[in-house]
Amino acid sequence: MKITYLWIVVLIVGISFSATAQDQLSPERKQAVDSLALEKVRDLSKYISIIGSKETPWSEANRVIDRAEELFMTDSEIGVSSINNPNDINYYNVRKYFERLMRLNYKKVEIEWYNIEYMSDLQKQPDGTYVGVITIFQKFKGYDAEGRLIYQDTTKKDITVFVKRKETQIGGRLIGFWDVLLGDMRVKETSK
Amino acid sequence: MSIMVKNASRITMLVLATIIILGSATSCRSKKKLAREKAAAEYATKVEQAKNDLTAMLNGSTNWSLDEQDVRLNSIKSYNIDDPEVIDLISKVAAKISMERAEAERLAEEESLKREEAERKMKESPKHQEIDDQLNSISTSTTIDAANKKIMLSMDQFASPDVPVLIIISQYGGINDYDRPTTISKFLNYLKDKKQYKYTVESVKRDGLGKITELELIKK
């Protein structure tokens, strides 16, 4: 009887050890996941630039809004500030932010993101989700019909990133993938 | 007088014979002893040499191949040395050789699989190169209209706009890590938006009509 209990304990310890070992990411895999999350932020940067551009056809902008929205977790918010009142930051639902961006009252809009990097590295949470913060700098320029620059600012923004390992069946195969979702995008600084 | 001389001569002969017999017996005994001592010394040397060789094989400090180690081990086994240390070393070395042989076989198998996989990829690469070129061409289109036309043409090769596209982001220890799966329609538009194609086609699945039903890419 004692031996049976001993075997059960050994089995449980073995299974837990094996699960923990599989759960630990090697530095190479962690680096791939880090890059994937950064890539999603770069995708967002591209989408924002396309949505904001007055040269983008309406149908294309709407398609890109759908893609951009898919990058975010439900109910995420994006902060908007102005150089005229830097401390007054308004937060919009992701969809509303993009629709507002598409309709900005300028003849030409240029949006550029740079210095995209981790402010805090992806850290594993008790539920298995990896959470980190990526900082970006956004340069916004708005021109009038005469091509004059009538507004510009630079904002530093923090984007929370959530990465979780998931599985799905495709063509009878079980595919393990990393689901990267962006959370709130908070304004940290606004300057000219 | 003559009798006395005869007797003395007989006695002398007897004494001589006794001395010879005793001498030869003693010499025989000492030869056997020497032989025993020699055999014991040879056995001790053999045991010592066996211990040295077995320890070296166990520590991996020889430059013998696995086959050479096997030959030496079998030769030591054939001595039937009755020494607990040697017996223990023999069993340890036998286990080590068998483990190393299994590992060598596993590595050879792995190497052969890698070679086969590389050959398969070499054979498939011209087919995939065409798809890579098409996807790259969408990403380098100069206008939205040009990109849309290429997307429409490319879509013809796929069984439906919802054909799954799997993107491998890393491969380590036999594990593929993927990005969130997408569809071909979304992926082609993504290339148009990003103006960048930094993947290579890893595998393609087709239906009976030759249309692509699954596309697997790997991030460069």
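Owing to the predicted nature of the structure, the values given are computational and were not obtained by experimental measurement.

**Student:** Where do I start with the overall build of chain B in this structure?
**Tutor:** The number of helices and strands found in chain B is 5 helices and 5 strands. Order of helices (α) and strands (β) in chain B, N terminus to C terminus: α-α-α-α-β-β-β-α-β-β. Scored against the burial criterion, the 220 residues of chain B give a buried share of 16%. In chain B, the share of contacts with a sequence separation of at least 24, taken over all contacts with a separation of at least 6, comes to 54%.

**Student:** I tried to follow the overall build of chain A on my own but got confused; where do I start?
**Tutor:** From N to C terminus, chain A includes 4 helices and 6 strands. Traced from its N-terminal end to its C-terminal end, chain A shows the element sequence α-α-α-β-β-α-β-β-β-β. Counting every position in chain A, which comprises 192 residues, the buried fraction comes to 22%.

**Student:** I tried to follow the interface of chain A and chain B on my own but got confused; where do I start?
**Tutor:** The extent of an interface is frequently quoted as the accessible surface area lost upon association of the parts. Taken residue by residue, the interface counts 21 residues in chain A and 16 residues in chain B. Elements that contribute at least two residues to the side of chain A that touches chain B include exactly helix 2 (27–52), helix 3 (58–70), strand 5 (149–170) and strand 6 (173–191) of chain A. When residues in the side of chain A that touches chain B are grouped by element, the largest group, 8 residues, is from helix 2 of chain A. Pairing analysis gives 2 bridges linking strand 6 of chain A to strand 2 (residues 175–179) of chain B, with the strands arranged parallel.

**Student:** Even after reading the chapter, I still don't get the packing of helix 4 (residues 144–155) of chain B against helix 5 (residues 184–194) of chain B, so can you show me in this structure?
**Tutor:** When two helices pack together, their arrangement is given by the angle between the helix axes and the distance between those axes. Residues and elements named next belong to chain B. Between helix 4 and helix 5, the shortest axis-to-axis distance is 10 Å and the interhelical angle comes to 155 degrees. By the criterion of interaxial angle, the relationship of helix 4 to helix 5 is roughly antiparallel. Considering the relative orientation of helix 4 and helix 5, their crossing is right-handed. Here helix 4 contributes A147, I151 and S154 to the contact with helix 5, which in turn contributes L188, N189 and K192.

**Student:** What's the story with helix 2 (residues 66–78) of chain B in this structure? I'm lost.
**Tutor:** Since the α-helix packs 3.6 residues into each turn, any two residues three or four apart lie on the same face. Residues and elements named next belong to chain B. Taking 1.5 Å per residue, 13 residues should reach 18 Å; helix 2 reaches 18 Å between its end C-alpha atoms and fits that length. Of the residues making up helix 2, those classed as buried are Q69, L73 and I76. For helix 2, the buried positions fall inside an angular range of 60 degrees around the axis, keeping them on one side. With respect to the buried face of helix 2, the exposed residues turned more than 90 degrees away are D67, E68, V71, N74, S75 and S78. Once helix 2 ends, the next one or two residues include N80, with phi positive near 50 degrees.

**Student:** Which parts of the structure should I look at to understand the confidence of the model for chain A?
**Tutor:** A low pLDDT means the predicted coordinates there should not be read in detail. All names here are of chain A. When the pLDDT values of chain A are averaged, the result is 91; 88% of them are 70 or greater. The least confident element of chain A, judged by mean pLDDT, is helix 1 (residues 2–23) at 51; the most confident is strand 4 (residues 130–143) at 98. Note that residues 13–22 has pLDDT below 50 and, in this model, 0 contacts with residues that lie over four places away or in other chains.

**Student:** Honestly, the pairing of strand 4 of chain A in this entry has me stumped. Any pointers?
**Tutor:** Every other side chain in a regular strand lies on the same face of the sheet, so the side chains alternate between the two faces. Residue and element names in this part refer to chain A. Here 12 bridges tie strand 3 (residues 108–124) to strand 4, and the two strands are oriented antiparallel to one another. The residue bridging Q123 from the neighbouring strand is V131, located in strand 4. The turn linking strand 3 back onto strand 4 is made up of 5 residues, and G128 within it adopts a positive phi angle of 95 degrees. Pairing analysis gives 14 bridges linking strand 4 to strand 5, with the strands arranged antiparallel. Within strand 5, the residue paired with I134 across the bridge is I159. Counted along the chain from strand 4 to the antiparallel partner strand 5, the turn is 5 residues long, and its residue G147 has a positive phi close to 80 degrees.

**Student:** Any chance you could explain the packing of helix 2 of chain A against helix 3 of chain A here in plain terms?
**Tutor:** All names here are of chain A. It is at 9 Å that the axes of helix 2 and helix 3 come closest, and there the two elements cross at 155 degrees. On the basis of the axis angle, helix 2 is roughly antiparallel to helix 3. Both helix 2 and helix 3 take part in a crossing whose hand is left-handed. Together, L44, Y47, I50 and I51 of helix 2 and A61, V64, I65, R67 and A68 of helix 3 make up the contact between the two elements. Residue composition of the contact of helix 2 with helix 3, by class: 8 nonpolar, no polar and 1 charged.

**Student:** Would you mind showing me how to read the environment of R29 of chain A here?
**Tutor:** Looking at where R29 of chain A falls in the secondary structure, it is placed in helix 2. Given 18 C-beta atoms within 10 Å, R29 of chain A falls into the partly exposed group. Ignoring any residue separated from it by four or fewer positions in sequence, one finds R29 of chain A in contact with S170, Y172 and D177 of chain B.

**Student:** Where do I start with the nonpolar core in this structure?
**Tutor:** Side chains that are nonpolar tend, in soluble globular proteins, to be buried together. Ranked by internal contacts, the top residues of the largest apolar core, which has 51 residues, are V33, A37, I51, V161 and V163 of chain A. Looking at which element gives the most residues to this core, the answer is helix 2 of chain A, with 10 residues. With residues near it in sequence (within four places) discarded, A37 of chain A still touches L122, G132, I134, V161, V163 and V180 of chain A. The next biggest cluster of nonpolar side chains, apart from the first, holds 7 residues, and it includes A50, M57, L89 and V93 of chain B.

**Student:** Sorry, what's going on with the environment of T135 of chain A here?
**Tutor:** The residue T135 of chain A is located in strand 4 in this model. On the basis of neighbour count, T135 of chain A is assigned to the partly exposed category, with 16 C-beta atoms found within 10 Å.

Conventions used here
Residues numbered from 1 in each chain as written. Chains lettered and ligands numbered in written order. Predicted model: local features only at pLDDT ≥ 70, side-chain atom pairs only at ≥ 80, totals over all residues. Helix = DSSP H or I, 4+ residues; strand = E, 2+ residues; numbered from the N terminus. Buried ≥ 20, exposed ≤ 12 C-beta atoms within 10 Å, placed from the backbone. Contact = placed C-beta atoms within 7 Å. Pairing = 2+ DSSP bridges. Axes fitted to C-alpha atoms, helices over the stretch in contact; angles between N-to-C directions. Parallel < 35°, antiparallel > 145°, perpendicular 65-115°, else oblique. Left-handed = near helix turned anticlockwise from the far one by under 90°. Expected span 1.5 Å × (residues − 1). Arc of directions from axis to C-beta. pLDDT = per-residue confidence, 0-100. Nonpolar A, V, L, I, M, F, W, Y, C, P; charged D, E, K, R; others polar. Core = buried A, V, L, I, M, F, W, Y, C linked by C-beta atoms within 7 Å.

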